[in-house]
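Chain and residue survey
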Amino acid sequence: MLPEVDEKMRAVTGTGRRDRVPPHPDLRDIGLQQVLDALVDPVRRRIVAELWAADEDLACGTIELPVSKSTATHHFHVLREAGLVRQHYAGTSRMNALRREEFEERFPGLLRAVVTAHEGDAAG
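Attention in this report is confined to the structure presented alongside it.

Reading the values: rules and limits
By convention here, each chain's residues receive numbers from 1 onward along its written sequence. Predicted model: local features are reported for residues with pLDDT of at least 70 only, side-chain atom pairs are reported and counted for 80 or more only, and whole-chain, interface and lining totals are derived from all residues. Calculation of side-chain values draws on the structure's entire complement of heavy atoms; hydrogens and water are dropped beforehand. Numbered from the N terminus, helices here are DSSP runs of H or I no shorter than four residues, and strands are runs of E no shorter than two. The span you would expect from a helix comes to 1.5 Å times its residue count less one. Categorising residues by exposure relies on relative accessible area from a 1.4 Å probe, with only protein chains included: less than 20% of the type maximum marks a residue as buried, more than 50% marks it as exposed, and the intermediate range marks it as partly exposed. When checking whether two residues touch, look at their non-hydrogen atoms; a contact exists if any pair is within 4.5 Å. By the convention used here, strands pair only if DSSP detects at least 2 bridges between them. Simply put, an axis is a line fit to the C-alpha atoms, just over the touching stretch for a helix, and the angle between two N-to-C directions goes from 0 to 180 degrees.

1. A short note on helix α4 (residues 69-81)
Helix length check: α4, at 13 residues, gives a terminal C-alpha distance of 18 Å against a target of 18 Å (1.5 Å per residue), a fit within 8%. Within α4, burial applies to Ala72, His75, Phe76, Val78, Leu79 and Arg80. The inward-facing, buried residues of α4 abut α2 (32-39), α3 (42-53), β2 (85-90) and β3 (93-98). Immediately beyond the C-terminal end of α4, within one or two residues, lies glycine 83, with a positive phi of roughly 80°.

2. Comments concerning the sheet that holds β3
Backbone hydrogen bonds are what pair the strands of a sheet, in a parallel or an antiparallel way. The 3 strands lie next to each other as β1-β3-β2, forming an open sheet whose pairing is antiparallel. Either end of the sheet is taken by a strand with one partner, and the two such strands are β1 (58-59) and β2. Sheet topology note: the β1/β3 ladder contains 2 bridges and is antiparallel. Residue alanine 59 lies in a different strand from β3, and its bridge partner there is methionine 95. Here α3 sits on the sheet in contact with β1, β2 and β3, set at roughly 80° to β3.

3. Description of the pairing of β3
By the bridge criterion, 6 bridges tie β2 to β3 in an arrangement that is antiparallel. Bridge pairing in β3 links tyrosine 89 to arginine 94. Here β2 folds back onto β3, and the loop between the two strands holds 2 residues, one of which, glycine 91, carries a positive phi near 65°.

Next up, the structure:
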């Protein structure tokens, strides 16, 4: 994780403790196949679309998903490991943000295309 991002996340959590921010991969180490594997699941695409539309970080439990809590946790983990989301704690809530700007630099246009396709699928 970049030092300035790490400092920002520790400032957000207010703890200054690294264990309150799960590890996040450097996007330079993430390949397109890993991203596409993460996005193949419709539940994960739904999470990405919800985070895309959000004006702020969202707690895991605020995104309504058609799966159990433990399965939702797995989906968030897959998205974090693929570099799609950044997570941190606010109190006892695990907050999620889409790594939109970083992703746009690494894979230009990919997130917008995924969200647009997801919205089309949901509407149709």
